[in-house]
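Structural description and commentary
Here's the letter readout for the chains.
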Amino acid sequence: MKDTNLPEVKKKVSIVIPTFNEIQNVEPFVEAVQKELTENLSEYDYEIIIIDNHSTDGTEDKIEELCKRNKKIKAIFNLKNYGPDNSPYYGMMQSTGDCAIMICCDFQDPIEMIHKMVRIWEKGSPVVIGLKDEKAEGFFLHQLRNLYYRIISKFSEVDLIRQFTGFGCFDKSLIEIMRNLDDPVPFFRGVVAEFSSDNDRAYIHYPHLKRKAGHSHIRFDVLYDIAMRSFTSYTKVGLRLASFLGYIVAFLSLLVSFYYLIMKLTHWDDFEVGVPAVIVGLFFISAVQLIFLGFLGEYILSINHRIMKRPIVTEKKRINF
């Protein structure tokens, strides 16, 4: 017989907030998230996990104050900066909710989307993907990003999700898969695309807002590293392109050689090969070789990171766990 006196166990929502030098944003942002949860998801228990990527501007002190005020706010402080991919991924792995939502601390992802995503998740979609609207970043940048995803998808067995930055709601079943992957250099957007089918996903568009304070800390070299990580993890295009272009250049070089040989034999006194043609050909072949040596190096670097099996993140300390 069922005991009706037992208290009802609430489902839990985990909110994962990665931070790095967000001293101006972290307190108002977390307070806004708390308000969203208590007002629009009051039937749920919740935890807010802030994972700080070794901030140097006093953000850590602000986070500790927030943790003292509310025990449902948990904090992980990284020993050093592990990049904008590893830190949020690790934070998601520490969540204990029935679903987890990752949202950045800069107010660019609308906080009111949290309850909308949870409502969609409730209806049976294990993965709810937030897609940025085109107007948020401008037509040119939007099209450039789309071109990147089209190239990756064309040469990959995994169709990466366009305009997806990581903002979304993810069932605990996907979080469990993330824990079991044992990948020291995970690419979160690729993992979501690889381990969820299109039938399992729901999509919700949102305007990507301006930062409330401060500025972005993601430099060009970091963006390049993320792009190359997805490139080497999910495609063979670099190596295949090197092979095919090598065949094409070799064939064209053979045609040019035959052309010069025939012209020299038929016009011995009039036809001069000339040093410029040799120099241009030499520099062209050298440039092609260097480009694809770079591609090969990226693949080797990716293999090297995985072989070394370093932890995704090393913690300095954690609070309220």
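Before reading on, note that the structure itself is shown above.
Residues numbered from 1 in each chain as written. Predicted model: local features only at pLDDT ≥ 70, side-chain atom pairs only at ≥ 80, totals over all residues. Heavy atoms only, no water.

1. Considering the sheet that holds strand β8 (residues 315-319)
Short version of the rule: A pair of strands counts as paired when DSSP detects no fewer than two bridges linking them. Helix and strand assignments come from DSSP, with helices taken as H or I runs of at least 4 residues and strands as E runs of at least 2, each series counted from the N terminus. Fitted lines through C-alpha atoms give the axes, limited to the stretch in contact for helices. The angle between two N-to-C directions lies from 0 to 180 degrees. Should any heavy atoms of two residues lie within 4.5 Å, those residues are counted as being in contact.
Read from one edge to the other, the open sheet built from eight strands follows the order β7-β5-β6-β4-β1-β2-β3-β8, with strand pairing classed as mixed. Taken across any chain shown, the strands that pair with only one partner, and hence form the sheet edges, are β7 (201-206) and β8. Taking each pair of neighbouring strands and ignoring which way they run, the sheet shows an average axis angle of 20°. Alignment of strand β1 (residues 12-19) against strand β2 (residues 45-52), held across eight bridges, turns out to be parallel. Looking at the pairing, V13 lines up with Y46 of β2. Helix α1 (residues 26-40) contacts β1, β2 and β3 (73-78) of the sheet and is inclined by roughly 160° relative to β2.

2. Details of a nonpolar patch on the surface
Worth spelling out the cut-off: Exposure above 30% relative accessible area and the lack of any salt bridge qualify a residue for a patch; like charges then connect within 9 Å, and the nonpolar side chains Val, Leu, Ile, Met, Phe, Trp and Tyr within 5 Å. Computed with the Shrake-Rupley method and a 1.4 Å probe, the accessible areas treat only the protein chains shown as cover for residues. Here, a salt bridge means any side-chain nitrogen of Lys or Arg that lies within 4 Å of a carboxyl oxygen of Asp or Glu. Under the scheme applied here, a residue whose accessible area is under 20% of the maximum for its type counts as buried, over 50% as exposed, and between as partly exposed, the area being computed with a 1.4 Å probe on protein chains only.
On the surface, a nonpolar cluster with roughly 680 Å² of combined accessible area is contributed by L254, F258, L261, I262, L265 and W268. By the element assignment, L254 lies in helix α9 (residues 237-266). For L254, a relative accessible area of 47% gives the class partly exposed.

3. Quick notes on the nonpolar core
The condition that has to hold: For our purposes a nonpolar core is just a set of buried Ala, Val, Leu, Ile, Met, Phe, Trp, Tyr and Cys residues, chained together by side-chain atoms within 4.5 Å.
Counting residues in each nonpolar core, the largest one holds 36 residues, and the members touching the most others are I15, I17, V33, I48 and I114. For this core, the secondary structure elements donating two or more residues are β1, α1, β2, α2 (59-69), β3, β4 (99-102), α4 (113-122) and β7. For I48, the contacting residues outside a window of four places in its chain are I15, I17, V30, V33, Q34, L37, K72, I73 and K74. Counting residues in each nonpolar core, the second largest holds 29 residues, with Y82, A100, L160 and F164 among its members.

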